[in-house]
Amino acid sequence: MQHDQTAETSPSHDHELDHAWLANLVRELFQTEQSARRHPRVEIQRLGDVPPAQVLRAVAAHADEALVALPVVVTEEQLPVSLGGRTVGAAFSALRNQIVDLFLTAERSYRATLLGMRHGVDLVVLLEQVARRDRADALADWCADWLARRRPLLADAEQALSWFAQNPERALAASERRPLARAFHALSVGFERLADRRRRTTPRPA
């Protein structure tokens, strides 16, 4: 008896698959944008009124707007408004702020925020294409508008890396100003210097 693949490749099956995929991507977007509204503001508090912080302020403001408009669009397309995604995004942000950033220099913390921004752009590029396949045109158009705003902001944030190169003391300082963060930072720097010294003094095999 031959296996009938007609049902697996039917238009209705493709639509169900695309719609389920869209729902997952939308949940991820809620999580990503929650991080995009929080992490830049954390960096702003750490850095003060410097060029990288000025760019991040615009990113956070755009994320605020996105999280207001996105529920309206996804509801129109009969997709879930993911409060859970927002909660997960907030939880990851808090975890990074309280634990991970203890080990980071200011420039590494900034680059970690940039990495999250790049992930958001990649996600929305894919989301727009899947939305077009699923004929969720309102969502696809929203994605196109979002990309038109966020991509230039990401490019500005990448350009702002030059500020760290011009301010090495600030760049290599602990990202957090808490005593515990400074202690962790000093310890990690000490280990890095020790490892570098050992590499220099260890004879290379002939």
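Draft legend 1. Structural view of the packing of aromatic side chains. Under the counting rule described, the total for this entry stands at 2 aromatic pairs. Relative to Phe164, the ring of Tyr110 lies with its centre 5.0 Å away and its plane at 45°, an arrangement referred to as tilted. In this pair, Tyr110 is assigned in helix H4 (residues 106-133) and Phe164 in helix H6 (residues 161-166), connecting sequence segments 54 residues apart. No difference in accessibility class separates Tyr110 from Phe164, as the two residues are buried. Centroid distance Trp163 to Phe164: 5.1 Å. Interplanar angle 85°. Geometry classified as edge-to-face. Phe164 matches Trp163 in its accessibility class, with the two residues each being buried. The rings of Tyr110, Trp163 and Phe164 are connected pair by pair, giving a single aromatic cluster.

Draft legend 2. Quick look at the environment of Leu147. Examined against the element boundaries, Leu147 turns out to sit in helix H5 (residues 137-159). On the basis of relative accessible area, Leu147 is assigned to the buried category, the value being 5%. Note: C-alpha distance between Leu147 and Val121 (26 residues apart in sequence) is 6.9 Å. Ignoring anything within four residues of it in the chain, the contact list for Leu147 reads Val121, Val124, Val125, Glu128 and Pro152.

Draft legend 3. Structural context of helix H2 (residues 51-76). With 26 residues, H2 extends 38 Å between its outermost C-alpha atoms, agreeing within 8% with the 38 Å of an ideal straight helix rising 1.5 Å per residue. Residue Ala69 marks the point of greatest curvature in H2, where the axis turns by about 30°; the proline Pro71 follows within four residues. Note on H2: the residue one or two positions beyond its end, Gln78, has a positive phi of about 60°.

Draft legend 4. Representation of unusual backbone geometry within the structure. Although it is not a glycine, Gln78 adopts a positive phi angle of roughly 60°. By secondary structure assignment, the location of Gln78 is in the loop between H2 and helix H3 (83-98). Residue classification places Gln78 among the exposed residues on the basis of a relative accessible area of 69%. The phi dihedral of Arg135 falls on the positive side, at around 60°, and the residue is not glycine. Of note, Arg135 is situated in the loop between H4 and H5. Accessibility expressed as a relative area gives 72% for Arg135, which makes it exposed.

Draft legend 5. Up close: the pattern of salt bridges. By the definition in use, this model includes 10 salt bridges. The salt bridge partner of Arg150 is Glu33, with a shortest N-O separation of 2.8 Å. Remark: Glu33 occurs in helix H1 (residues 11-47) and Arg150 occurs in helix H5; sequence separation between them is 117 residues. A single burial state applies to Arg150 and to Glu33, both of which are buried. Salt-bridge contacts for Arg46 lead to Glu43; the nearest nitrogen and oxygen are separated by 3.5 Å. Remark: Glu43 and Arg46 occur in helix H1; sequence separation between them is 3 residues, near one turn of the helix. The class for Glu43 is buried, based on a relative accessible area of 2%.

Conventions we followed
Residues numbered from 1 in each chain as written. Predicted model: local features only at pLDDT ≥ 70, side-chain atom pairs only at ≥ 80, totals over all residues. Heavy atoms only, no water. Phe/Tyr/Trp six-rings, centres within 6.5 Å; stacked < 30°, edge-to-face > 60°. Helix = DSSP H or I, 4+ residues; strand = E, 2+ residues; numbered from the N terminus. Buried < 20%, exposed > 50% of the residue type's maximum accessible area, 1.4 Å probe, protein only. Contact = heavy atoms within 4.5 Å. Expected span 1.5 Å × (residues − 1). Bend = angle between axes of the 7 residues up to and from the residue. Salt bridge = Lys/Arg side-chain N within 4 Å of Asp/Glu carboxyl O.

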